[in-house]
Every structure is written in structure tokens, then in C-alpha cells.
Amino acid sequence: MKREGEVPSYYAGDLSAAGQRFAIVASRFNDFITKSLIEGATDCLLRHGAKVSDIDTYWVPGALELALVAQEIARTAKYDAIIALGAVIRGETSHYDVVVSQSATGLAKVAMENSIPVLNGVLTTEDLDQAIARSGTKSGNKGYDVALGAIEMVNLLTEISKAD
Ligand code: INI
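Residues numbered from 1 in each chain as written. Predicted model: local features only at pLDDT ≥ 70, side-chain atom pairs only at ≥ 80, totals over all residues. Heavy atoms only, no water.

1. A short note on the nonpolar core
Where a protein is soluble and globular, its nonpolar side chains tend to be buried together. Counting 25 residues, the largest nonpolar core has Phe 22, Ile 24, Leu 45, Ile 83 and Leu 85 as the members making the most contacts within it. Contributing elements (two or more residues each) for this core: strand E3 (22-27), helix H1 (31-47), strand E5 (81-89), strand E6 (118-125) and helix H5 (142-162). Considering each element in turn, this core owes the most residues, six residues, to H1. Ignoring sequence-local partners within four residues, the contact set of Leu 85 consists of Ile 24, Val 25, Ala 26, Ser 27, Thr 34, Leu 37, Ile 38, Ala 41, Leu 66, Gly 121, Gly 143 and Val 146. (Core = buried A, V, L, I, M, F, W, Y, C linked by side-chain atoms within 4.5 Å. Buried < 20%, exposed > 50% of the residue type's maximum accessible area, 1.4 Å probe, protein only. Helix = DSSP H or I, 4+ residues; strand = E, 2+ residues; numbered from the N terminus. Contact = heavy atoms within 4.5 Å.)

Here it is as C-alpha cells:
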């Protein structure tokens, strides 16, 4: 929606997911956490108007595999956005920095090369308690948050494609 008034006009994606199609790619590593992220993401999409039949979930072994599968999904052109979910916990990961940085770099590359929103919902935490807190307990649910971002981005890209 283009907003006009006394301040310069601006564009922002709205938060309706009606008619949008989403792929969730989730890591099986730490699935105790990622299952809650999927629940949060799915809840968000449904509550904003997406249909169950327009949400598909793909499981990968770990965060390092998210980008390749996201890329293959993007190439199908079947989805409006991809939501990547994972949990990398420093206390349990000797190569924490490598996993975090390679997964984030890969996901960003998929977004840019395919012009599709790829939301990075990979939790990166110091310990399991922090991961639990951010996957549906006291610090919210990162899956829900990135799903909301996905909806907004799809609508913003649609606005940009229509803008005169
Ligand atoms: N993958 C994760 O998603 N989270 C982790 O915390 C993690 N640790 O601890 O190493 C992890 N490693 C697996 C990695 O993503 C690959 O699946 C694996 O290395 C095979 O390529």
C-alpha cells in the first residue's frame, strides 16, 4: 500500500498472507527446538490468512544444509517466500562460528540470486536455555517472527513490482 500525506510517501508490505505460498525448511539437528520454531511459523502464517495447503515443510539434516535445499525450492518457483529454521547452540557446537556464518551466507545468496524472500530463522545461542527461551517460551518464538517478516516481504515485493 502506498501511503501519501504530509511526509514523503513510503511503501511497506502489509501483513496479509492470503493467497501466498510458503516453504519452510527446517533443520533436524536440535529438532526439540526446531519443531517449536515450525509450530510458531505455521501459527503465524495461518493466523495471517495463509491456507494449510499453501504451506510445505522440508526437513534437512542440519543448518549447513538449509541453503542448498532453499535454493532448489526457489528454483521450482512454486513459493512466494522461504522460511529457514534451525538452531545452532554454541555450547554444543565446536565449529559454531562456521555453521552460523555459512548457513547465513548461503541463505542470503539464495535470496539475492532468485529474488525471493528467504527469512533466516536460525537461532544462534550460547546455550540450550537461550534456545528454549527463543522458541516459544519467555523470549517469544523466532519462527513466528520470521514468518511475519516473510509475509511482509512478499507483500512489499508485490508493491514494488506494481509501483509507478
Ligand atoms: N547443525 C545445526 O543445525 N545445529 C548445530 O548446533 C550443529 N552443530 O552443533 O554442529 C549442526 N551441525 C550439523 C551441520 O549443520 C551439518 O548438518 C553437518 O555438519 C553435516 O553437514
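We are not done yet, so read on.
2. Description of unusual backbone geometry
Its identity as a non-glycine residue notwithstanding, Asn 30 has a phi of 60°, on the positive side. Checked against the element boundaries, Asn 30 lands in the loop between E3 and H1. Here Ser 115, not a glycine, exhibits a phi torsion of approximately 50°, which is positive. Inspection of the secondary structure assignment puts Ser 115 in the loop between helix H3 (96-114) and E6. Among the residues examined, Ser 115 registers a relative accessible area of 64% and is labelled exposed.

3. Describing the environment of Ala 12
When you line up the elements, Ala 12 lands in the loop between strand E2 (10-11) and E3. Overall, the relative accessible area of 19% leaves Ala 12 in the buried class.

4. Brief notes about the packing of helix H2 (residues 66-76) against H3
Contact geometry of H2 with H3 gives a least axis separation of 8 Å together with a crossing angle of 15°. Classified by the angle between their axes, H2 and H3 sit roughly parallel to one another. For the crossing formed where H2 meets H3, the hand is right-handed. For the pair H2 and H3, contact is made by Leu 66, Ala 67, Ala 70, Gln 71, Ala 74 and Arg 75 and by Gly 106, Leu 107, Val 110, Glu 113 and Asn 114, respectively. A breakdown of the residues in the contact of H2 with H3 according to their chemical character gives six nonpolar, three polar and two charged. (Axes fitted to C-alpha atoms, helices over the stretch in contact; angles between N-to-C directions. Parallel < 35°, antiparallel > 145°, perpendicular 65-115°, else oblique. Left-handed = near helix turned anticlockwise from the far one by under 90°. Nonpolar A, V, L, I, M, F, W, Y, C, P; charged D, E, K, R; others polar.)

5. Topic: the pattern of salt bridges
The full count for this structure, using the stated rule, is eight salt bridges. Salt-bridge contacts for Asp 43 lead to Arg 47; the nearest nitrogen and oxygen are separated by 3.3 Å. Taken together, the residues Asp 43 and Arg 47, both in helix H1 and four residues apart, mark about one turn of the helix. On the accessibility criterion, Asp 43 (32% relative accessible area) is partly exposed. The exposure class of Arg 47 is exposed, given its relative accessible area of 60%. With a shortest N-O distance of 3.5 Å, Glu 72 and Arg 75 are connected by a salt bridge. (Salt bridge = Lys/Arg side-chain N within 4 Å of Asp/Glu carboxyl O.)

6. Some words on the site of the ligand
Near the ligand, the surroundings consist of 13 residues, among which Ala 63, Leu 64, Glu 65, Ala 87 and Thr 93 are the closest. Within the backbone of Leu 64, one N or O atom sits 3.1 Å away from an oxygen atom of the ligand. At a separation of 2.5 Å, an oxygen atom of the ligand approaches a polar side-chain atom of Glu 65. Considered on its own, the ligand offers 450 Å² of accessible surface; in the complex 78% of this is hidden by protein. If you tally residues by element for the shell around the ligand, the top one is E5, at three residues. Of the residues that constitute the shell around the ligand, the class distribution is six nonpolar, five polar and two charged. (Near = heavy atom within 4 Å. Polar contact = N/O pair within 3.5 Å; in protein donor to acceptor, adjacent residues only side chain to side chain. Areas by Shrake-Rupley, 256 points an atom, 1.4 Å probe, with all protein chains shown as cover.)

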